[in-house]
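Breakdown of the fold
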Amino acid sequence: GINAEYGDLHEDGYIKPHIDSVKFCGALVSGLSLLSDAVMRLQLDESNYVDVLIPRLSVYIMSNDIRYKYTHEILPNVASICGRKVNRTRRITVMKRSKESDHSSNS
């Protein structure tokens, strides 16, 4: 079977900034974003960040420095991209992570 995680985020919810643990995750994570657009912030430090639009029905992949050096978060439903407000509704995501051993073999 497919080993996947499912996330269900209420339209008023958000995901706090975090860095993935090398101990529990492999080198890659992919996400299938369903139902709603969302804005993900990737942040290296206080002054270095980028906001990325994750359109509904899209797939995104994160690996290497983006996962382990930058925090990543899903912003609250007040985010905008290029001055355009992103109206996020309920967000469902299917996440797939590579095995921990995949990361160890690439080091």
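Up top you'll find the structure we're talking about.
Here goes a summary of the coordinates provided. (Residues numbered from 1 in each chain as written. Predicted model: local features only at pLDDT ≥ 70, side-chain atom pairs only at ≥ 80, totals over all residues. Heavy atoms only, no water.)

1. Thoughts on the nonpolar core
One finds Leu9, Val29, Ala38, Met40, Leu42, Ile54, Tyr60, Met62, Ile74 and Met95 forming the largest nonpolar core, which totals ten residues. Elements represented by at least two residues in this core include exactly strand 4 (38–45) and strand 6 (58–63). Among residues more than four places away in sequence, those in contact with Leu42 are Asn48, Tyr49, Val50, Val52, Met62, Ile66, Tyr70, Thr71 and His72. (Core = buried A, V, L, I, M, F, W, Y, C linked by side-chain atoms within 4.5 Å. Buried < 20%, exposed > 50% of the residue type's maximum accessible area, 1.4 Å probe, protein only. Helix = DSSP H or I, 4+ residues; strand = E, 2+ residues; numbered from the N terminus. Contact = heavy atoms within 4.5 Å.)

2. Quick look at a nonpolar patch on the surface
Nonpolar side chains collect at one region of the surface, where Leu28, Leu32, Val59 and Ile61 lie side by side and expose about 370 Å² of accessible area between them. Looking at the nonpolar patch, the elements with two or more residues in it are strand 3 (28–34) and strand 6. Relative to the elements of secondary structure, Leu32 occurs in strand 3. (Patch = residues over 30% accessible without salt bridge, like charges linked within 9 Å, V, L, I, M, F, W, Y side chains within 5 Å. Areas by Shrake-Rupley, 256 points an atom, 1.4 Å probe, with all protein chains shown as cover. Salt bridge = Lys/Arg side-chain N within 4 Å of Asp/Glu carboxyl O.)

3. Description of the pattern of salt bridges
If you walk through the whole model with that rule in mind, you get five salt bridges. Residue Arg97 is joined to Glu5 by a salt bridge in which the shortest nitrogen-to-oxygen separation is 3.1 Å. Here the residue Arg97 occupies a position in strand 10 (residues 91–97), and Glu5 occupies one in strand 1 (residues 5–9), the gap between them amounting to 92 residues. Since its relative accessible area comes to 26%, Arg97 is described here as partly exposed. In this structure Glu5 comes out as partly exposed when scored by relative accessible area, which is 40%. Between Asp8 and Arg90 there is a salt bridge, with the nearest N and O atoms lying 2.7 Å from each other. On the criterion of sequence distance, the pair formed by Asp8 in strand 1 and Arg90 in the loop between strand 9 (84–85) and strand 10 is long-range, its members being 82 residues apart.

4. Quick notes on the side chain of Arg88
Along the chain, Arg88 falls in the loop between strand 9 and strand 10. An unpaired buried charge is present at Arg88: no salt bridge exists, and Asp12, the closest side chain of opposite charge, is 7.1 Å distant. Of note is the side chain of Arg88, whose polar atom sits 3.2 Å from the backbone oxygen of His10. In contact with Arg88, other than residues within four places in its own chain, are Leu9, His10, Glu11, Gly13, Tyr14, Ser36, Asp37, Ala38, Ile74, Leu75, Pro76 and Asn77. (Lys, Arg positive; Asp, Glu negative; His and termini not counted. Polar contact = N/O pair within 3.5 Å; in protein donor to acceptor, adjacent residues only side chain to side chain.)

5. Some remarks on the sheet that holds strand 3
With respect to topology, four strands assemble into an open sheet ordered 1-10-3-6, the strand pairing being antiparallel. Because the sheet does not close on itself, it has two edges, and the strands there are strand 1 and strand 6. Strand-to-strand twist across the sheet, computed as the mean angle between neighbouring axes with direction ignored, equals 20°. Bridge count for strand 3 against strand 10 is six bridges, and the pairing is antiparallel. What sits directly across from Leu34, in strand 10, is Ile92. (Pairing = 2+ DSSP bridges. Axes fitted to C-alpha atoms, helices over the stretch in contact; angles between N-to-C directions.)

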